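In case you want the letters, here they are:
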Amino acid sequence: MNESQAALVEAAHQHLYPNYKQPPLVLARGRGSQVWDLEGKRYLDFYAGIAVSTLGHGHPRLTRAIAEQAAQLIHVSNYFFNEPNIRLAGELCKRTGMQRALFCNSGTEAVEAMLKLARRYHYVRGAQDRYTVIAFANSFHGRTLGALTVTGQPKYRDGFGPLTGVKHVPFGDVAAVGQALDDHVAAILVEPVQGEGGVVVAPPGFLEQLRALCDSSGALFIADEVQTGVGRTGRFLACEHFGVQPDAVALAKGLGGGVPIGAVACRERYTEALPPGSHGSTFAGNPLASAAALAVLETIDQEQLIAAVQQKGERLGRALQALVARYPDILQQTRGLGLLQVLVVQDGRDIMAIHAALRDAGLLLTVAGGNALRVSPPLTITDQELDEGISLIDQVLRRVV
Ligand SMILES: Cc1ncc(COP(=O)(O)O)c(C=O)c1O
């Protein structure tokens, strides 16, 4: 290991709070769908910083927008309007079919805002006892206490309780939702594809039935598209695959292409729920993050990335399917949508060892759901790079056999 990389890793172990478990390498620069560590070793980026780097690394449109905005005005707070943020609100409403956009700085904050919006919508209408949220087993919604409360996985929740005000039901089980739906339910919160849960796609008809239950009960249909939104699945929102329009949707991750930003887009009807003073954040909607998000959205249009994701998603799906057929002892199945897909590893196989071997071979991807290798590359990844990554997986699995 190069001196400076080793020294930095040592310093990290000394001073960084150890709530993550990084391998001993320091990523130093990136270009497109490739990154390099401090020793100059190249990695193919099949994870995009956990589905964040929509345009890859160093995209000239994004870096120019950030540099120009930084020189112009970085921050003003919400005491005043700023132009990039006003324009971004319009673009987001246009793309989501909503009428209002509210900004924050991360995915967990977007979920928090959506939960607050749902509860307070009922509150201002006099239904003060309508506060429960129906959410799903195996879901992930973030780490702040509200988002953690609705997260349906014990491994994230353990030790932080009490986390109350939520009813978790099995994902895909409409009858269980119907049973849980009483007069106290403010909203049903769902990921159209459970990302951290292992890229589990909502079964056919499920979201449509949730929409119908919300329409008949008055509960809000709130969608967490922090991971699936902004084109990742081959539509701007994954909900579009199911023909369902949520009442509010949370976005973050890919929206800023790597610059932290979160947003909630909602229908006009919910505008009264959060009047001035009821919700906010110092950094929310700042000009820098808004300019970055605008550049991401404009580039998605100009480079026709949503259509590209559909085509590349099919290519990726076929290649992953071929790997499952070639290595049935190691791989169970593949699933996902667009450029969010997984290879599910057979029980008893050491997924972390495979993950580490892939990294050593020069391929970065993530583990989701405990048993799935998740592929979530930049939306700008080329066919050639996709093929290269698949071939690296093939080589590593051949060795595992
Ligand atoms: C569906 C979903 N919601 C919320 C979050 C939390 O986002 P953040 O890490 O930006 O707080 C994530 C992050 O993985 C996510 O996948």
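Remember, predicted model here, so these are calculated numbers, not experimental data.

**Points about the site of the ligand**
Reasoning step 1: If you check the shell around the ligand, you find Ser106, Gly107, Thr108, Phe140, His141, Gly142, Glu191, Glu196, Asp224, Val226, Gln227 and Lys253 and nothing else.
Reasoning step 2: Gln227 has a polar side-chain atom sitting 2.8 Å from an oxygen atom of the ligand.
Reasoning step 3: Between the ligand and Lys253 there is a distance of 3.2 Å, counted from an oxygen atom to a side-chain nitrogen or oxygen.
Reasoning step 4: Expressed as a share of its isolated accessible area of 390 Å², the protein-covered part of the ligand is 82%.
Reasoning step 5: Of the residues contributing to the shell around the ligand, the split by class is two nonpolar, six polar and four charged.

**Things to note about unusual backbone geometry**
Reasoning step 1: Pro162 follows Gly161 through a cis peptide bond whose omega is 0 degrees.
Reasoning step 2: Inspection of the secondary structure assignment puts Pro162 in the loop between helix H7 (154–157) and strand S6 (166–169).
Reasoning step 3: Positioned with a positive phi, Asn138 is a non-glycine residue whose angle comes to about 75 degrees.
Reasoning step 4: On the secondary structure map, Asn138 appears in the loop between strand S5 (132–136) and helix H6 (145–150).
Reasoning step 5: Backbone geometry places Lys253, a non-glycine residue, at a positive phi of 25 degrees.
Reasoning step 6: Structurally, Lys253 can be placed in the loop between strand S11 (248–251) and strand S12 (262–266).

**Description of the domain arrangement of the protein**
Reasoning step 1: Along its sequence, the protein is organised into domain 1 (3–58 + 304–400) and domain 2 (73–302).
Reasoning step 2: Taken over C-alpha atoms, the centre of domain 1 sits 27 Å from the centre of domain 2.
Reasoning step 3: Each side of the interface is counted separately: domain 1 has 27 residues, and domain 2 has 28 residues.
Reasoning step 4: Per-residue buried area on domain 1 facing domain 2 is highest for Ile306, Leu337 and Leu340; these three make up 27% of the total on that side.
Reasoning step 5: Linking domain 1 with domain 2 are one salt bridge, by the criterion used here.
Reasoning step 6: The residue Arg374 makes a salt bridge to Glu196 at a minimum N-O spacing of 2.6 Å.
Reasoning step 7: Listing elements by their share of the side of domain 1 that touches domain 2, those giving two or more residues are helix H2 (48–51), helix H11 (305–326), strand S13 (331–337) and strand S14 (340–345).
Reasoning step 8: Looking at side-chain class alone, the side of domain 1 that touches domain 2 contains 16 nonpolar, nine polar and two charged residues.

Criteria and cut-off values
Once a new chain begins, its residue numbering starts again from 1 and follows that chain's sequence as written. This being a predicted model, a pLDDT of at least 70 is required before a residue's local features are given, and a value of 80 or more before pairs of side-chain atoms are given or counted; all residues contribute to the totals for chains, interfaces and linings. Side-chain measures were taken over the full set of non-hydrogen atoms in the model, leaving aside hydrogen atoms and water. Consider each residue's heavy atoms; a residue with any of them within 4 Å of a molecule or strand counts as near. Two N or O atoms form a polar contact when they lie within 3.5 Å of each other; inside protein one atom must be a possible hydrogen donor and the other a possible acceptor, and for residues adjacent in sequence the pair counts only when both atoms belong to side chains. Note on areas: Shrake-Rupley with a 1.4 Å probe; residue coverage comes only from the protein chains shown. Residue type decides the class: Asp, Glu, Lys and Arg count as charged, Ala, Val, Leu, Ile, Met, Phe, Trp, Tyr, Cys and Pro as nonpolar, and the leftover types, Gly among them, as polar. Per the convention used, a helix needs a DSSP run of H or I reaching at least four residues, while a strand needs a run of E reaching at least two, with both numbered from the N terminus. For the purposes of this description, domain bounds are those given by an automatic or database domain assignment. Here a residue-residue contact requires only that any non-hydrogen atoms of the pair lie within 4.5 Å. Summed over both partners, the accessible surface that disappears when two parts come together, traced with a 1.4 Å probe, is what is meant by buried area. Every case where a carboxyl oxygen of Asp or Glu lies within 4 Å of a side-chain nitrogen of Lys or Arg is listed as a salt bridge.

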